[in-house]
Amino acid sequence: MNFEDKSWSREPKLMRQLWAVIKYELLWNIRKKKFLGVLIVAFAITTLNLTLPVILRRTYDMPIESNPNYIVSNSGIGGLMLFLFALVTVMNSISGEFESGTIVPLLTKPISRTLILIGKIAAAFITIFAAYLLLYTYMIVGGTIIYGPQNNLDLTPLCILGDLLSTFVWVSIILALGSLTKNTILTSVIAIMVFLAMNIGSSIISVFTESAWMLHYLPGNGAAGYIKVEGQPTAYAGSISTGTDNITKMIIQYYLHPSANVTYVKVELRGGSPQGGLSSLLKELYSEPLSLVLFRAISVAAAYIIALITLAWYIFKRAQILE
Amino acid sequence: MGRALLKSLGPKPLDLAIETIDLTKRYGSLVAVNRLNLRVGKGTIHGFLGPNGAGKTTTIKILVGLLKPDGGRAIVLGEEVHGDNPRSRLKIGYMPELPKFPRHLKGWELLDIYGQMYGMPLQERRTRIKRLMELVGLKGRENDLIGEYSKGMQQRLGIAQALLSEPELVILDEPSLGLDPVGMVEVREIIREIAREGVTVFLSSHLLSEVEQVCTHISIIHRGVCLAEGPLKDIISKISGSAILEVEVAETPDKIVEAVKRLPFVSNIHVEGSRVIIETNANGDVRPQISRAIIEAGGTIIYMNLRMRSLEETFMRLIMKSR
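Reading the values: rules and limits
- Residues numbered from 1 in each chain as written.
- Chains lettered and ligands numbered in written order.
- Predicted model: local features only at pLDDT ≥ 70, side-chain atom pairs only at ≥ 80, totals over all residues.
- Heavy atoms only, no water.
- Pairing = 2+ DSSP bridges.
- Helix = DSSP H or I, 4+ residues; strand = E, 2+ residues; numbered from the N terminus.
- Contact = heavy atoms within 4.5 Å.
- Axes fitted to C-alpha atoms, helices over the stretch in contact; angles between N-to-C directions.
- Parallel < 35°, antiparallel > 145°, perpendicular 65-115°, else oblique.
- Left-handed = near helix turned anticlockwise from the far one by under 90°.
- Polar contact = N/O pair within 3.5 Å; in protein donor to acceptor, adjacent residues only side chain to side chain.
- Domains from an automatic or database assignment.
- Buried area = accessible area lost by both parts, 1.4 Å probe.
- Salt bridge = Lys/Arg side-chain N within 4 Å of Asp/Glu carboxyl O.
- Buried < 20%, exposed > 50% of the residue type's maximum accessible area, 1.4 Å probe, protein only.
- Phe/Tyr/Trp six-rings, centres within 6.5 Å; stacked < 30°, edge-to-face > 60°.
- Nonpolar A, V, L, I, M, F, W, Y, C, P; charged D, E, K, R; others polar.

**Some remarks on the sheet that holds strand β5 (residues 79-80) of chain B**
Strands in a sheet are paired, the pairing made by backbone hydrogen bonds, and the direction either parallel or antiparallel. Residues and elements named next belong to chain B. One open sheet holds the four strands; their spatial order is β2-β1-β4-β5, and the pairing between them is antiparallel. A single partner strand is all that each edge strand has here, and the edge strands are β2 (30-41) and β5. With respect to the sheet, helix α2 (residues 56-63) is in contact with β1 (16-27), β2 and β4 (71-76), its orientation differing from that of β1 by roughly 115°.

**So, the packing of helix α3 (residues 107-117) of chain B against helix α4 (residues 122-135) of chain B**
Residues and elements named next belong to chain B. It is the contact of α3 with α4, at a shortest axis distance of 10 Å, that shows an interaxial angle of 130°. Considering the angle they form, α3 stands oblique to α4. Viewed along their axes, α3 and α4 form a crossing whose handedness is right-handed. Contacts between α3 and α4 involve Gly107, Trp108, Leu111, Asp112, Gly115 and Gln116 on the former and, on the latter, Arg125, Ile129 and Met133.

**Some words on the environment of Asp245 of chain A**
Residue and element names in this part refer to chain A. Relative to the assigned elements, Asp245 resides in the loop between β2 (236-241) and α10 (247-256). Along the sequence, Asp245 and Ile298 sit 53 residues apart, while their C-alpha atoms lie 10 Å from each other. Those residues in contact with Asp245 that lie beyond four places of it in its chain are Gly79, Leu82, Ser166, Trp170, Phe195, Gly220 and Asn221. A polar side-chain atom of Asp245 sits 2.9 Å from a polar atom in the side chain of Trp170.

**Re the domain arrangement of chain A**
Residues and elements named next belong to chain A. Considered domain by domain, chain A is made up of domain 1 (14-211 + 298-318) and domain 2 (212-297). On the side of domain 2, 33 residues touch domain 1, which itself brings 34 residues to the contact. Summing the contributions of domain 1 and of domain 2, the shared interface buries around 2800 Å²; its carbon and sulfur component is 61%. Where domain 1 meets domain 2, there are zero salt bridges. Between domain 1 and domain 2 we count 17 residue pairs in polar contact (both at pLDDT 80 or more) in total. Taken together, the elements giving at least two residues each to the side of domain 1 that touches domain 2 come down to α4 (79-90), α8 (156-181), α9 (184-208) and α11 (290-318). Ranked by residue count, the leading element in the side of domain 1 that touches domain 2 is α8, at nine residues.

**Focus: the pattern of salt bridges**
For side chains of opposite charge, pairing can occur when their charged atoms come near one another. In this structure the tally under the stated criterion is 20 salt bridges over all chains. Note that Glu109 of chain B is salt-bridged to Arg31 of chain A, the shortest N-O span being 2.9 Å. Of this pair, Glu109 of chain B sits in helix α3 while Arg31 of chain A is found in the loop between α1 (14-30) and α2 (33-59), placing the two residues in two different chains. The class for Arg31 of chain A is partly exposed, based on a relative accessible area of 31%. One salt bridge in this structure joins Arg275 of chain B and Glu272 of chain B, with 2.7 Å as the shortest N-O distance.

**Here we look at unusual backbone geometry**
Residue and element names in this part refer to chain A. Positive phi values are uncommon outside glycine, yet Asp61 reaches one of about 55°. Within the secondary structure, Asp61 is located in the loop between α2 and α3 (70-74). The class of Asp61 is exposed, set by a relative accessible area of 72%. Non-glycine residue Asn152 carries a positive phi angle of around 55°. With respect to the helices and strands, the residue Asn152 is situated in the loop between α7 (113-147) and α8.

**So, the sheet that holds strand β6 (residues 92-95) of chain B**
All names here are of chain B. Read from one edge to the other, the open sheet built from six strands follows the order β6-β7-β8-β3-β9-β10, with strand pairing classed as mixed. Every interior strand has two partners, whereas the edge strands, β6 and β10 (225-231), have only one. Going from strand to strand, the sheet's axes swing by 15° on average, the running direction of each strand aside. Relative to strand β8 (residues 200-204), strand β3 (residues 45-49) runs parallel, the two sharing four bridges. Pairing of Phe48 across the sheet is with Ser204, part of β8.

**A closer look at the interface of chain B and chain A**
Taken together, the contact pairs 47 residues of chain B with 42 residues of chain A. In this assembly, chain B packs against chain A so that about 4300 Å² is buried in total across both faces, 57% of it on carbon and sulfur atoms. Together, Leu66, His104 and Met117 of chain B form the three largest contributors to the area buried by chain B at its contact with chain A, with a combined 17%. Viewed at the interface, chain A and chain B are joined by four salt bridges. Scanning the region where chain B abuts chain A turns up 19 residue pairs in polar contact (both at pLDDT 80 or more). Elements with a contribution of two residues or more to the side of chain B that touches chain A: β1, α3, α4, α5 (151-163) and α6 (181-196) of chain B. Considering every element that reaches the side of chain B that touches chain A, the biggest residue donor is α3 of chain B, with six residues.

**Quick look at the packing of aromatic side chains**
Going through the model one piece at a time under the given rule, you end up with twelve aromatic pairs over all chains. Measuring from ring centre to ring centre gives 5.3 Å for Phe83 of chain A and Trp170 of chain A, while their planes differ by 85°; the resulting arrangement is edge-to-face. Taken together, the residues Phe83 of chain A in helix α4 and Trp170 of chain A in helix α8 connect sequence positions 87 residues apart. The burial state of Phe83 of chain A is the same as that of Trp170 of chain A; both residues are buried. The interplanar angle of 35° and the centroid separation of 4.9 Å between the aromatic rings of Phe48 of chain B and Phe202 of chain B together place this pair among those described as tilted. Taken as a pair, Phe48 of chain B in strand β3 and Phe202 of chain B in strand β8 lie far apart in primary sequence, 154 residues in all. Phe202 of chain B carries the same exposure label as Phe48 of chain B, and that label is buried. The rings of Phe35, Phe85 and Tyr132 of chain A are connected pair by pair, giving a single aromatic cluster.

**Focus on the packing of α4 of chain B against α5 of chain B**
Residue and element names in this part refer to chain B. Running from amino to carboxyl end, α4 crosses α5 at an angle of 140°, the nearest separation of the two axes being 9 Å. Put simply, α4 runs oblique to α5. Handedness of the crossing formed by α4 with α5: right-handed. Together, Arg128, Leu132, Met133 and Leu135 of α4 and Leu157, Ala160 and Leu163 of α5 make up the contact between the two elements. Of the residues contributing to the contact of α4 with α5, the split by class is six nonpolar, no polar and one charged.

As structure tokens, this is what we get:
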């Protein structure tokens, strides 16, 4: 074997190296059983969402009505699915490499650690984007077949972007945890605990206290409120959660009601009257424009993503391989 | 003694593939590498020896950028190794001890991705991967997932990825570990072959016989300190003497001992019954001179055996001395 017939230059291009890391990571992502499992669950939930009303109506001999707003009212991947997609995609992106020892040959290649991390994040983006694109396509095709032509389909790219932004808050949390712990199980357990704390905690804070404002700055479901559209006979256009997990739903509401306000409420268990029903238990706290709520949620999500990915990069860049 | 040998036997600074100057690495209170001065000449097969915990793997990890030194300098192929410096790894091929590769990738996929990281063009990668797979005995298994490879096959893949980029320096950490006897012989042949092409090989191994068979130069370290460094034969002869001559004589050996002792190349002599054990410093075969001296002293030689000093003896002598 001749070892001196080298005809290529030793100046690797950054983009070629970046693509190599993306390919390395993508091949891993699409072959992960956990990822495929979550994708199957997401498709199952979407299928159920599409067909359950039809099945129920058939069961009770009720006619199936066309619903041109089916897609717009069902867009936005739920908080749990966003979290699960983030978890299965990046839970072992960094920690798994350290645990298995595969980080050693990778870090001894002539490629900077910064580029490795960028490649891993890019691969996570492509993987999750592809999964969401498939899900939305499936939902649109299924919705159109079952409920007839749909309104506002031009919102779909924005919805996917909103869901990606929401997912990447969790991606950045999990990547930072993976860099810190270098242990996949620990990373997953802490991430699940954070997710549960944010969701259970935010529900309690939002419903029973007057401190819902703090939820605007935490990842997850956020504070609960009502969309109020001035000048409409029915003032409440629907309920909404304002956290980083609900950016897509806020984008849709803003598109439909650009001048709407969000009114935050709390439950007063002792204040209600038997005649007033459930609404008499609600106490309005304060209102703010939906545009501000959306802008703040996007800014908070971006801040978390930037801060946590910077933290992951800082730790990864300085990590020493002892084992 | 190490410093003296280093000065007398080491290559000139311009011809160095690896140079460390007062390299130091601590793990808490333990000094793993203690002001290590290592000089590896270009084009040599340099064995890196030491007992367990001597600091071999730590030194290698510093050379390939996996660990940061606490003091001193490391220069590899003229590039200073500091922090995350991909340039210093551009011309190096490194095979870690018991290498681990991502189980989700196929053998050729891994080499293809690593090749991209080195900036190798597609055609070059294809040709090279095919040849390397043949060389390491993985032909026909390149399309299998690495997760299905045995330990020995992963070891072979480790050698292939270390040679992928046509490196100027190949660092092999225990390349024969986990290989069957046939594999070990093949590895030795590969090392000789790449060295014939002018590639510098830096080989860390516990198998002293392997080192003795393939290496031209060695460094012996213990407790992070270099005890000896230079051409293999010179080190053996300087530390252990070149050879041991075992002579059985018919007569009482007193007169013979006196006669042999006067020979300038005899470093030590002792008597076991009718046998005289003579240790020499000479580089050539000294049996004729010794025979003559014995006969002139009136002795009759019944049996004579020349045994060259082994690396194992030298190694043990050095390590025991430094304890």
